[in-house]
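Listed below are the residues making up each chain.
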Amino acid sequence: MIELQNASRWYGQVIGLNDVTCKIEPGVTALLGVNGAGKTTLMRLITGQMMPTTGSITVCGIEPFCNPEVFRKIGYCPDIDNFYEHLSGRQFVEAMARMSGFDAAESKTRTQEMMVKVGMAERCDKIILGYSKGMRQRIKLAQAMLHEPDIILLDEPLNGLDPIGRRELMDLLNILAKQGKTILVSSHILFEVEQMTRNILLLHRGRLLASGDLRVIRELIDKHPHRIRIQTDRPRDVAEKLVALPYVQSVHLDARGNAIELRTKSPAEFYEELPKLCLDHGLPIEGISSPDNNLESVFRYLVGE
Amino acid sequence: MSSAPIADLSYRNYDGALESPNKLWWVIARQILRVSLKKRILWVMSFLAGSYFAIMMAIFFFTERMSQSTAPMMTGSNMPAMNPLQQLMDRIIWKDQFVHGISMGQMWFLIMSLVVGVGTIANDNRANALLVYLSKPCDKKDYLLGKWMGVFLTLLIGMSIPSLFFYAYGILSYRDYGFFTGDKLLLFKLLFLLVTNAAIYASLAIGISSLFNQGRLAGATMAAVYFLSNFFTQAMSGAWMAFQDDGNATAKGIVSKLFYGSVDGLNIGLAKSTLATSGSPPFGIPDRMEQVPAPPFLAAFAIIIIVSMLSMLIAWKRVRAVEVVG
Amino acid sequence: MSSVSVASIQNLTVRYGRFTALDNFSVEVPNGCVGLLGPNGAGKTTLIKTLLGFIDAAAGGGTVFGHDIKKDGRLIRQKIGLMPEQDCHIPGMSAVQFVAFAGELAGMPAAQALRRAHEVLEYCGLGEARYRNVETYSTGMKQRIKLAQALIHGPKLLLLDEPTNGLDPQGREDMLELVRSITHEKELNVIVSSHLLPDIERICDHVIVVVGGKLRTEGLIRDLKKIEGHPCDIELREASPAFVAAIETLGATLLESKGYRYRIQAPGTPDQVSKLAFQAARQTGAQVREFSVAERSLEDAFLEAIR
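To keep things clear, this report deals only with the structure shown in the data block. (Residues numbered from 1 in each chain as written. Chains lettered and ligands numbered in written order. Predicted model: local features only at pLDDT ≥ 70, side-chain atom pairs only at ≥ 80, totals over all residues. Heavy atoms only, no water.)

## Quick notes on the overall build of chain A
For clarity, the threshold we go by: Only DSSP runs of H or I covering at least 4 residues are called helices, and only runs of E covering at least 2 are called strands; the numbering of each starts at the N terminus. Here the term buried applies to any residue with accessible area under 20% of the maximum for its type, exposed to any over 50%, and partly exposed to those in between, with areas from a 1.4 Å probe on protein chains only. Note on definitions: a residue-residue contact is assigned when non-hydrogen atoms from the two residues lie within 4.5 Å. By the counting rule applied here, Lys and Arg register as positive and Asp and Glu as negative, while His and the ends of each chain are not counted. Where a charge sits is defined by one atom per residue type, namely NZ (Lys), CZ (Arg), CG (Asp) or CD (Glu).
A count of helical and extended segments in chain A gives 11 helices and 13 strands. Every one of the 305 residues in chain A was classed for burial, and the buried ones make up 52%. Long-range contacts, defined here as pairs at least 24 residues apart, represent 66% of the contacts in chain A between residues at least 6 apart. Computing the positive centroid from 37 side-chain charges and the negative centroid from 39, chain A places the two 3 Å apart.

Dropping the structure here:
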């Protein structure tokens, strides 16, 4: 749906994006990276606010720069917080609807639908000046979805929402994704992102560090062997057996004496071997987990300390 | 603990004594003094405010020197009388000098307030500093009192130095010419005037500062208030001159009151009424224009107090203590 | 640690006009590290203001460290350090001057304040940048300096409002580590208000949940996360109905399944249950990748609590 081909964009001597090639398919994709990594630049390129300095970007096959055709297909929910504070939420979204080209009656109905969808139906008649962060986020999302776009871009949408609001928004995005829309979410809060999708785009200093499924990426990070943690009250016995296995690189005894952690580059082989430990050697195993098989660890490994 | 080879640099809690939180306004005032007394422009303005005094000191010095080296005049009665220069020295009305000094210093006082006072609360508003103040054992009273005292004391120091210097010089050198005997309470009246000057400028600065988020806008507003009111005074001055020759008494009376209707005017008016003089032409240069008489003391004083308190009331209302969190 | 509780609120009612922010609210804030949770607008902010001694109570009252919240606001604030959510600083000062001034405002003598400002800034990781003007700081540094100015006067209670706001993952990690090391090793009481529940889980042991102006629940996080009957979660390499059938034959009951994750209930200790899992796996050729005693995440526990 969204395709970048060697896209680069710089501002004077400051690099925004550097030679990025990727495809963003329908479903929820997470756009990750530290501040200044290029996430906002990427979003601006997709929404057609800027042109890539070199390379190309197409949305559904068309170039988005200054192209109203493409704007119809995209809904953008930015992270900036500037509204016309004296308007009510409803008035603001209605104004946005009119600007999108809907007539007065249609604007009203669509606004009402959106308000219900984002959970602001009772509160949208108060002026925006008094809104909390969470309410503002919802208004932003409402105006992004007015014209039922196929692509929705959200820049830090969960910022300031309480856990209920977060759940509601994530559920809403999941529903939209199931309907076949392409949703790109940019966020810092990795554990939230993890709950939404396993599909990531990781940017760092303008370059694309990784794209695709989280699990696949984790497997491929060769430099950092997998850590597997085994909870047992006979750690040394378990350790003895583990050390004998050729693909176990190291075994670490937990200071509290109730677990061990091993590192291996071949987790699959290890998992095959695991039942033998328990059943044949009779070692008690109370828990198995993989502490670095999550987004936060992958992020850290790829971006570096 | 100090015998361990490797020092423990982890977090240590502070269990030392904490002073009782009753003199916090002084902590705030002290901070303002620390910062503003270092500003060079304050001292430049202070010097410029004393330019009238400096010039007069030079004039008096040379007049006196020359009068002493001039031969006394011979009159018919064969008694040495004062020569013209000595007569000049004798005729000097010392308290008028202070009126002029304060009058000519007003604009420099304004600039001092712009430099030192008008940014205080405005900058705090922009940086959300109130959140820091109020999360400590400090409340709105301490905050405003501290700010006011800091600005007031700074201005007082800046304003006083020229006048007090001139007073000291006068009391040492010009006793013979009636410096002290002319008005024995001159020093106290002078101090009173300096305090009220500093107070009104400080109050205005703080009041206006609290209305804005940017020091620059607050400064521009205060300057605007000063100069617009000054413009009004100039107009009144023109009217006064017009009424010199032909005006009727009531019109003249009204104009003579309105003449003091500006920031600097109020201070000048108070100076004149405290020192009980209508003023004389500055620099001793005769002027055919009659001086505007002093306004009634209580009225002048009351208006200054009211203006100051109104400004501080504005500040009190504007400083919103409520939203410390969220 | 002393047995005097940090704060004790009784039957407190606070109203803003017609809106009741806190309704007959009572809570005993325990020692140690406490998380304050609740939806927006539930009264958390008002509770924090109360602890700082700032409210106008319509009814009820309370004490913080033994001081009355209605009368001794200043004394209370001498013992509390607040790290606000919004950006704030005193303009025109370097980091050291700012933190030292904050200390003086809390009542420290000037010399002590300056000395300790250096120490605290060093500890918060701002050693290098301490002579720079605060206005030039990045988001992460601004958060740290807010923490430093909260710690300067050695408070007995630290109030943190969204401490990881705006920080990137590394910054968040650093801040959490910092707070954890101060609170757990140095026995400083902390109350953390945040929407990010994993952060709270990381630093705190207790939680207080406020909903609609009332106390909804409170207790140890450990207790809130427990699930009745200790079911176990198993993750396989890929979904396997055969595995499920096999493990059921061995005496377990399937409670939930989602893709390749299963939650089962079986008698016995965890290591006995894991044995069953391995047996079933061996029989059916499945591969067990994860096994643990099922626990609710704090987020789930919270959402359930406020329903």
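## Describing the interface of chain A and chain C
Counted only if it meets this: Using a 1.4 Å probe, buried area is obtained as the accessible area two parts lose upon being combined, added over both of them. In what follows, salt bridge is the name for a side-chain nitrogen of Lys or Arg lying within 4 Å of a carboxyl oxygen of Asp or Glu. Polar contacts, as counted here, are pairs of nitrogen or oxygen atoms within 3.5 Å of one another; within protein the pair requires one atom able to donate a hydrogen and one able to accept it, and residues that are adjacent in sequence qualify only if both atoms are side-chain atoms. Each residue is assigned to one of three groups, with Ala, Val, Leu, Ile, Met, Phe, Trp, Tyr, Cys and Pro labelled nonpolar, Asp, Glu, Lys and Arg labelled charged, and all others, Gly among them, labelled polar.
The interface is formed by 38 residues belonging to chain A together with 35 residues belonging to chain C. Surface buried jointly by chain A and chain C totals about 3,200 Å² across both partners, of which 54% is contributed by carbon and sulfur atoms. Three residues stand out in chain A for area buried against chain C, namely Tyr271, Leu279 and Ile288 of chain A, and they jointly supply 17% of the buried area on that side. The interface formed by chain A and chain C contains 4 salt bridges. Of the charged contacts in the structure, one is a salt bridge between Glu296 of chain A and Arg172 of chain C, with a shortest N-O distance of 3.9 Å. Between the two partners, chain A and chain C, sit 9 residue pairs in polar contact (both at pLDDT 80 or more). Of all elements in the fold, only helix H6 (163-178), helix H7 (190-196), helix H8 (214-220), helix H10 (267-280), strand S13 (287-289) and helix H11 (295-303) of chain A reach the threshold of two or more residues within the side of chain A that touches chain C. Broken down by element, the residue count for the side of chain A that touches chain C peaks at 9 residues, all from H10 of chain A. Residues that form the side of chain A that touches chain C fall into these classes: 17 nonpolar, 8 polar and 13 charged.

## Side note on the packing of aromatic side chains
Residue and element names in this part refer to chain B. Condition: For Phe, Tyr and Trp, where Trp contributes only its six-membered ring, two rings pair if their centres lie within 6.5 Å, and the inter-plane angle classes them as stacked under 30 degrees, edge-to-face over 60, or tilted in between. Only when the NZ of Lys or the CZ of Arg is both within 6 Å of the ring centre and within 35 degrees of the ring normal is a charge said to sit over the ring.
Applying the stated criterion across every chain, the model contains 19 aromatic pairs over all chains. Consider the rings of Phe61 and Phe62, whose centres lie 5.4 Å apart with planes at 70°: the pair is edge-to-face. A residue is classified by how much of its surface remains accessible, and Phe61, at 32% relative accessible area, is partly exposed. With centroids separated by 5.5 Å and ring planes inclined at 70°, the aromatic side chains of Phe98 and Phe166 adopt a geometry described as edge-to-face. With a gap of 68 residues between them, Phe98 in helix H5 (residues 94-116) and Phe166 in helix H8 (residues 140-173) connect regions that are remote in the sequence. For the pair formed by Phe98 and Phe166, the shared burial category is buried. A network of ring pairs unites the aromatic residues Tyr52, Phe53, Phe98, Phe166 and Tyr167 as a single cluster. Above the face of the Trp316 ring, Lys140 is positioned so that its terminal group lies 4.4 Å from the ring centre.

## Comments concerning the pairing of strand S10 (residues 226-231) of chain A
All names here are of chain A. Rules: Strand pairing is assigned whenever DSSP identifies at least 2 bridges connecting the two strands.
Relative to strand S12 (residues 259-264), S10 is paired through 6 bridges, and the arrangement is antiparallel. In the sheet register, Gln231 faces S12, and the bridge partner there is Ala259. Sheet topology note: the S10/S13 ladder contains 3 bridges and is antiparallel. Note that in S13 the partner of Gln231 across the bridge is Gly287.

## Examining empty space enclosed by the protein
The criterion, for reference: In this analysis, the protein atoms alone were mapped onto a 1 Å grid. Cavities are point sets where a 1.4 Å probe fits without being able to get out; pockets are open sets with protein on both sides within 12 Å along at least five of seven lines; lining residues have an atom within 4 Å of a point. Grid points are joined across faces, edges and corners, and a volume is the space filled by probe spheres set on the points.
Per the counting criterion, the structure on display carries 5 cavities of 30 Å³ or more. For the largest cavity, the calculated volume is near 100 Å³. Forming the boundary of the largest cavity are Arg215, Glu219, His226, Pro267, Tyr271, Ser290 and Asn293 of chain A together with Glu235, Arg289 and Glu290 of chain C. Within the residue set of the lining of the largest cavity, elements represented by two or more residues are H8 and H10 of chain A together with strand S14 (288-293) of chain C. Along the lines of polarity and charge, the residues of the lining of the largest cavity split into 2 nonpolar, 3 polar and 5 charged.

## Details of the interface of chain C and chain B
Across the contact, 46 residues belong to chain C and 40 residues belong to chain B. Taking both sides of the interface into account, the surface hidden between chain C and chain B amounts to around 3,800 Å²; carbon and sulfur atoms contribute 59%. Across the contact surface, chain C and chain B share 4 salt bridges. Arg34 of chain B is paired through a salt bridge with Glu104 of chain C; the nearest N and O atoms lie 3.4 Å apart. Where chain C touches chain B, the interface holds 10 residue pairs in polar contact (both at pLDDT 80 or more). Top contributing element to the side of chain C that touches chain B by residue count: helix H4 (residues 110-123) of chain C, with 6 residues. Looking at the side of chain C that touches chain B residue by residue, the class counts come to 26 nonpolar, 9 polar and 11 charged.

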